[in-house]
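# Observations on the three-dimensional arrangement
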Amino acid sequence: MSDLLARHRAVMPNWMALYYNEPIEIVSGKGNRVVDADGKSYLDFFAGILTNMIGYDVPEVREAVERQLATGVVHTSTLYLLRTQVELAEKIARLSGIPDAKVFFTNSGTEANETALLLATYARGSDQVLAMRQSYHGRSFGAISVTSNRAWKNNSLSPLNVHFLHGADRHLTQFRGMSDADYIAACVDDLRHVLATAVAGNVAALIAEPVQGVGGFTAAPDGLFAAYKEVLDEEGILFVSDEVQTGWGRTGSAFFGIQNHGVTPDMMTFAKGLGNGFAVGGVVARGDLMDGLPAIGVSTFGGNPISMAAANATLDYVLDHDLQSNAARTGDILISGLREAAGRLAVVGDVRGRGLMFAVDLVDPATGAPAPALAARFMEETKKLGLLAGKGGLYGSTLRMAPPLTITEDEAREGLGILVTALETVDDEAR
Ligand SMILES: Cc1ncc(COP(=O)(O)O)c(C=O)c1O
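I will try to describe carefully the structure that is included in this document. Throughout, a residue's number is its position along its own chain's written sequence, starting from 1. Reporting of local features is limited, given that this is a predicted model, to residues whose pLDDT is at least 70; pairs of side-chain atoms are given and counted only at 80 or more, and all residues count toward the totals for whole chains, interfaces and linings. For the side-chain quantities, the full set of heavy atoms in the structure was used; hydrogens and water were omitted.

## A look at the packing of aromatic side chains
Heads up, the condition is: The aromatic pairing rule takes the rings of Phe, Tyr and Trp, using the six-membered ring of Trp, and pairs them if the centres are within 6.5 Å, calling planes under 30 degrees apart stacked, those over 60 edge-to-face and the rest tilted. The buried label applies to any residue whose accessible area, calculated with a 1.4 Å probe on protein chains only, is under 20% of its type's maximum; exposed applies above 50%, and partly exposed to all values in between. Whether a charge sits over a ring depends on NZ of Lys or CZ of Arg being within 6 Å of the ring centre and within 35 degrees of the ring normal.
Inspection of the entire model under this criterion finds 11 aromatic pairs. Ring geometry for Trp248 versus Phe256: centroids 5.2 Å apart, planes at 65 degrees, classification edge-to-face. By the burial criterion, Trp248 is buried, and Phe256 matches it. Through a chain of ring-to-ring contacts, three or more aromatic side chains come together here, namely Phe105, Trp248, Phe255, Phe256 and Phe270. Above the ring of Tyr42, the side-chain terminus of Lys40 is found at 5.7 Å from the ring centroid.

Written out as structure tokens, the structure reads:
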């Protein structure tokens, strides 16, 4: 065991998982590659969990942060006007498509979701919330209560009454083989049944990830959330889209993931990629909902001048370079390449994804059961070949890939080659 790993084990929580049998320490990065403490270089296909959205050492971001540092001010609090907060809020409000939108900045996705849940429960005078099975929304009590993945739930204490809906679980026996339309109809039926049987009085909101991140990049078929929204609208139930992983063009086909469903939500939450590694999250919501809270609120560090400098520069970069189109183009190369390879790989149960958010399920070739051990093998193999991938899903058997939106077509082909080689090795060994 390395000295640093031993020290880590001694003072860090054991539930804070590390990747790899021999975990690596990343010491530098440039473009879409990082280097570890042993000098080994990796093409980064997980981007610090979708957070280094435009890669490493981006001059535009570095210089924006350095300019702010040079003013001598890294914090003022929101008791004073913050020009860069206003500028970023204007951009996000415009991009959201939400009418009369207002923005509140936080430090994380968890806090963003807490804020959205507070706004929704207050506006509707209700502590009842709907969420999706297999979801992940963060690590606080409120966020855990709308999370539906036992591996990530420490307890069942909840400030909310939560009911979980179908929609990203068509692998279940009762839905298998259904067309999109039939599955959507079955899910809507179930939503109506939940509203008729499991709740009392007003329901505050549905919170949903357009593509489930921790859940293994599982997604509802396009149109499901539009169908849900029709039912929710009948009762004035609000719709919160958790865009922490799906925002800023990552899915290629839309700027925010929920737009793939033709839905304008009442609120969206965001974090991860917006600051390209600097801590920033937030909620963009209908102005009346945002203004509806009766008490004063503040986030001491939320939207601080350093994270605002980074986030403005990152968002401008994404828009100026049309990285959404790049995500669509490079994502197609990767997803179609993986699908082609899957045909000859018995260990691959499913390839799915959209843009630069794609996943492979590994299964036992004999039984078709989820195979977390094979996923762990794949991780070691891609590490050896110089590529960082992610792992997740309800059964720990899903490989998750989400490179920076800046990857080139050449890097996409290089990465595809490594992914397929690693899958072939795992496949050979498993037969
Ligand atoms: C969809 C989603 N929502 C919320 C969160 C929580 O964000 P944070 O870890 O910044 O609190 C995450 C983190 O992985 C996420 O994937």
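Once the structure has been displayed, the description carries forward.
## Side note on the pattern of salt bridges
Heads up, the condition is: Salt bridges, as used here, are contacts in which a Lys or Arg side-chain nitrogen is within 4 Å of a carboxyl oxygen on Asp or Glu.
Counted by the stated rule, this structure contains 21 salt bridges. The residue Asp57 makes a salt bridge to Arg62 at a minimum N-O spacing of 2.8 Å. Residue class for Asp57 comes out partly exposed when judged on its relative accessible area of 34%. The salt bridge partner of Asp350 is Arg352, with a shortest N-O separation of 2.8 Å. Ionic contacts of the salt-bridge type, sharing partners, join the residues Arg377, Glu381, Lys384 and Glu429 into one network.

## Some words on the environment of Pro305
What counts is decided by this rule: The secondary structure listing takes helices from DSSP runs of H or I that are at least 4 residues long and strands from runs of E that are at least 2 residues long, numbered from the N terminus. A contact between two residues is defined here by any heavy atoms of the two lying within 4.5 Å.
Along the polypeptide, Pro305 turns up in helix α10 (residues 305-320). Among the residues examined, Pro305 registers a relative accessible area of 3% and is labelled buried. Sequence separation between Pro305 and Leu79 is 226 residues; the distance between their C-alpha atoms is 13 Å. Not counting residues within four places of it along the chain, the set of residues in contact with Pro305 comprises Gln68, Val73, Val74, His75, Thr76 and Leu82.

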